[in-house]
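Take a look at the letters that make up each chain.
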Amino acid sequence: MTPRRTLRVARWEATRGVSGVDRRTAVLLAVALLVLAALAPLLVAFAPTPGAGVYRVAVADGDPYRAPVDATPQLRAVDPGANAVASGRADVAIGAGGVRIADTEKGRAALATFRDAVTAYNDRLMASEGDQAAAFPVVVNLTYVERSAVRVGGTAGSGDGSSGASGTTTGATSAGTTSAGTTSATTTSGTTTSATTTSATSETATSATSETAAPDGERPGSGGDGPATPSDITPPFPLRSLLYAFVFLLPLNVVIQAYGSSVIDERIDRRGEPLLVSPASRGDIVVGKALPYFLGAVAVTAVVAAAVGAGVRSVVALLPLAGLFLGVTFLGALFARSYKELTFVTVTVSVGLMAYAFVPAVFTEVHPIAAISPLSVVVRDIRGDPFSLGAFLLATAPVALAAAVCYGLGLGVYREEDLFTQKRLPAKALDALAAPLSSAWRVGLWTAAFVPFVLIAELFAVAALFVVPEAFAIPVVLALVALVEEAAKSLHVYAGFANARFPDTDRVALAVGVAAGVGFFVGEKLLLLTRLVDLPNVAVGGAAFGGVELGVGSLALLVAPLALHVAAATTSALGARRGRRWYALAFCCAVGLHLAYDYAVVSVLG
Amino acid sequence: MLSVSGLTKTYGDVEAVRGISFDVDDGEVFGLVGPNGAGKTSTLKTLAGLLEPTSGSVVVNGYDSTDPEMRRTLGFLPEDSPLYEDMTPRSYLRFFADLYDVPRETADDRIAAALDRLALDVRDRPVGDFSKGMKRKVAIARSLVNDPDVLVYDEPASGLDPTTTNVVVEFTRELAERGKTVVFSAHDLYHVESVCDRVAIVSNGEIAAQGTLADIRADHGRVEYHVFADVPLDGATEVEPGRYRLAVESMAGVEDARVRAADAGGELVDIRTRESTLEDVFLAVTGGEA
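A brief look at the structure comes next. (Residues numbered from 1 in each chain as written. Chains lettered and ligands numbered in written order. Predicted model: local features only at pLDDT ≥ 70, side-chain atom pairs only at ≥ 80, totals over all residues. Heavy atoms only, no water.)

### Quick look at helix α9 (residues 312-335) of chain A
Rules: Helix and strand labels come from DSSP, where a helix needs a run of H or I of at least four residues and a strand needs a run of E of at least two; each type is numbered from the N terminus. Given the number of residues in a helix, its expected span is that number minus one, multiplied by 1.5 Å. Working definition: with a 1.4 Å probe on protein chains only, accessible area under 20% of the residue-type maximum means buried, over 50% means exposed, and in between means partly exposed.
Spanning 24 residues, α9 of chain A covers 35 Å between terminal C-alpha atoms, matching the ideal 34 Å at 1.5 Å per step. Across the 24 residues that make up α9 of chain A, a large majority, 19, are buried.

So, in structure tokens, the structure goes:
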């Protein structure tokens, strides 16, 4: 590659991109971007709160409960007056006689919100105390455990605070279960620490300490026994994370539309042919054409970051994502036969990558699974939360590597013989996979290079399934892992045989199979990134990534995954050399082998 | 200047070019003719470095065709005129001149000279507004921005009107006179005959005949004698009342016709010699494919 030529192509591409848009469209685009940039900070600063003021609470100005009501968006203070609830002016009324609520669903919901508001208010007050040991003499670590039956009643533990005294929640929480007419109580969790140490470290750690008593209200049939199980701890609605995800990802979709059109424009009527004859190398052309769009994405990201108060780290974290958006679009535009197919490709790219980046990021404030998304870095950056280099790498490295692999594959087919053919999309994908393969060594190298895609797919599977009951999620994750990993080890090998990149012999099939297995084993060590954020400790994460850890520490356990990958990849390769049907059959065998291995690993890990 | 040796190009199971060999000297115009699918375009694209040979070699100005440096010394004109239609001829040609590291002033001079010679006066309108002939002229000008020693033109006059075709053909001849080596393919055999110093007839990926036009005619053509008699002869065609034409391939045939005419009470009134055209040779060599 020659930087001067690359920049020349980039300058030309930028000029064409600008001159290709008429003045009116350019103005509209500029206005749209400005409006987006202006709205972003407003949306973030004045994020709409769902149900703001939906519950009316009749409370006097001087009442101690007034402050919690004022501090809670969902609650709206109204004149207490007489019969505020009965007359329908309020859902909850606080007065000398206690707390009264309307005997309606809304009344009960209003009370629940009011109780939460009071608890949160008290917590904030206590948190501002200088002597934290005095403020929180008892800290309780709560750990979620699976609840196997329906809770019908029965609690142990205090903390309802109805006495108005300082109360603490004990760690013992029981859930009653009913079975065939009998009731049993099961202790599910509870760890009490010393009174002088604050050690709330878990994602679910909380404390319930009352300054202002959280009232139970006069609910028919409630009996005043407020629930105190872990399920009462509700995560904050991640609206801000959602907004950040939206404002950062939206412009990338506009950028890839323009980029995809530009790439396919080179292929329509062979317009790009003269460039291929010029002294500019394939790398000059591909990088030069992508550069303006990448820089455009960076510029828009920087503007949005500045608008929402994010820093340089946010922009840097999003660069790989912009690269992957462009990389996948580049490949798609090389495979598509028409603008119509390109539209399908770009929509698929948008939906897929948006889902990967968007969905986990929404849980940034809630769950460690969010760490897989570069947007989680942005959210943490804006919130001022610290994040480790490991977390940064997990969020960005797989995406960056995947982007590089996309461009590597695309470069292989950015040549006359492949660029202008009108093969079907799967056939072109196979061409791209086969193009860089010329030896067993390269098969191993490219197998290792596909691991970022494996990581992304597996992370996304974990992200999608972590809320699903484990009994269902773990088998599904295991099956997906086996499918994805065996595909990564064998699809390009099949493409190589189909494109006659290797001699069609069993000996060669064995060699490339072994190379693919070893390559995957080496690349798989990238999955150790997940340890940096403790992802294997998430149950479905353990199912997906637990096996990788077996490779650490023991020679026997190091050899086991290597043997698996080599055996499975060789099986697929032997089938691949015999044609599509044999490959399909061999692939199924490899997946079965992998599944059996993973099942054994999960069983061993417990 | 340009040497092709044992060139083979396969696409999957299809062997498009099979062991083609030829050399082209400085200032020579070499024509590739052949039916559709004969392997001409694959050969030219391999010469231009667009395709990698499956086997064999192509050496241009001392560079292997796979050597990126070779591209600096070569100008390629594809069969179509793939241009960026939103660009003007001037900006388009300047862009390519930049890629070839041609200084701006030199590039502007070359661009102006080429467009002047090709009689393309419209230079600041988007190429998308141009006719096919005008686009072809821009594409030809692009092949010259780096002042290459070797020009590879694929069907340079394909689909053009007669006037533009003549401009392109004459310009090709001029380029050779200026010392450029030109290799080009054409369907119109008249242009090949009028421009080329040497020709290769390609059929089924192989060179079926190669050499100067005279050599090829000698090897693959034939001389026919058309004898005209004033009486009907077996196998003769009446071309006008009382005048019959018979085609024979040798002087013995002429003598035989004279005897038959005399036996019928008439005589031969005219004898003409007709040499094979390139088209005749082409049809003979390719078995009538077009």
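### Thoughts on a negative patch on the surface
Residue and element names in this part refer to chain B. Quick note on the threshold: The patch calculation keeps residues exceeding 30% relative accessible area without a salt bridge and links them within 9 Å when they carry like charges or within 5 Å when they are nonpolar (Val, Leu, Ile, Met, Phe, Trp, Tyr). The protein chains shown are the only cover counted for residues, whose accessible areas, like all others here, come from Shrake-Rupley with a 1.4 Å probe. Any carboxyl oxygen of Asp or Glu within 4 Å of a side-chain nitrogen of Lys or Arg constitutes a salt bridge here. Lys and Arg are tallied as positive, Asp and Glu as negative. Neither His nor the chain termini are counted. Taken as the charge location is NZ of Lys, CZ of Arg, CG of Asp or CD of Glu.
Judged by side-chain charge, Asp23, Asp25, Asp26 and Asp149 come together as a negatively charged surface patch. The topology assignment puts Asp26 in the loop between β2 (14-24) and β3 (29-33). A residue is classified by how much of its surface remains accessible, and Asp26, at 53% relative accessible area, is exposed.

### Regarding the layout of surface pockets
Residue and element names in this part refer to chain A. Filter applied, for reference: A cavity, in this analysis, means grid points on a 1 Å lattice covering only the protein atoms where a 1.4 Å probe fits yet has no way out; a pocket is instead an open set bounded by protein on both sides within 12 Å along at least five of seven lines, and a residue lines either one if it has an atom within 4 Å of a point. Grid points are joined across faces, edges and corners, and a volume is the space filled by probe spheres set on the points. Side-chain classes follow a simple rule in which Ala, Val, Leu, Ile, Met, Phe, Trp, Tyr, Cys and Pro form the nonpolar group, Asp, Glu, Lys and Arg form the charged group, and the remainder, Gly included, forms the polar group. For the domains described, the bounds stem from an automatic or database domain assignment.
The space that makes up the second largest pocket amounts to roughly 1200 Å³. Together, 31 residues line the second largest pocket, and Val328, Leu331, Cys406, Phe453 and Leu491 are the ones closest to its centre. Of all the secondary structure elements, the ones that give two or more residues to the lining of the second largest pocket are α9, α10 (339-362), α12 (389-413), α14 (425-434), α16 (451-465) and α17 (470-498). Considering each element in turn, the lining of the second largest pocket owes the most residues, seven residues, to α10. A breakdown of the residues in the lining of the second largest pocket according to their chemical character gives 28 nonpolar, three polar and no charged. Formed jointly, the lining of the second largest pocket draws a minimum of three residues from each of two domains, domain 3 (236-436) and domain 4 (468-606).

### Brief notes about the nonpolar core
Soluble globular proteins: nonpolar side chains tend toward being buried together. For the record, the criterion: By nonpolar core we mean a set of buried residues, namely Ala, Val, Leu, Ile, Met, Phe, Trp, Tyr and Cys, connected to one another through side-chain atoms within 4.5 Å. Any two residues whose heavy atoms approach within 4.5 Å are treated as being in contact.
The biggest cluster of nonpolar side chains holds 173 residues, and the ones touching the most others in it are Phe248 of chain A together with Leu2, Phe22, Leu47, Leu74 and Ile201 of chain B. Per-element accounting of this core gives the leading share, 12 residues, to α9 of chain A. With near-sequence residues (within four places) excluded, Ile201 of chain B lies in contact with Val33, Glu206, Ile207, Ala208, Ala209, Ile216, Leu278, Val281, Phe282, Val285 and Thr286 of chain B. In terms of nonpolar packing, the next biggest core, distinct from the first, is built from 15 residues, Val57, Tyr65, Leu75 and Leu111 of chain A among them.

### Side note on the packing of aromatic side chains
Our working rule: In this scheme Phe, Tyr and Trp rings, the latter by its six-membered ring, pair at centre separations within 6.5 Å, and the angle between planes marks the pair as stacked below 30 degrees, edge-to-face above 60, and tilted otherwise. Here, a charge over a ring means that NZ of Lys or CZ of Arg falls within 6 Å of the ring centre while also lying within 35 degrees of the ring normal.
If you walk through the whole model with that rule in mind, you get 14 aromatic pairs over all chains. Here the aromatic rings of Phe330 of chain A and Tyr414 of chain A are separated by 6.2 Å at their centres, their planes lie at 25 degrees, and the arrangement is stacked. A residue pair is termed long-range when its members are at least 10 positions apart, and Phe330 of chain A in helix α9 and Tyr414 of chain A in the loop between α12 and α13 (416-419) qualify at 84 residues. The exposure class assigned to Phe330 of chain A is buried, which follows from its relative accessible area of 2%. Three or more aromatic residues joined by ring pairs make a cluster, and in this case those are Trp12 of chain A together with Tyr84, Tyr92, Phe95 and Phe96 of chain B. Taking the ring centre of Phe520 of chain A as reference, the NZ or CZ of Lys489 of chain A above it sits at 5.2 Å. Sitting over the face of the ring of Phe228 of chain B, Arg243 of chain B holds its NZ or CZ atom 4.5 Å from the ring centroid.

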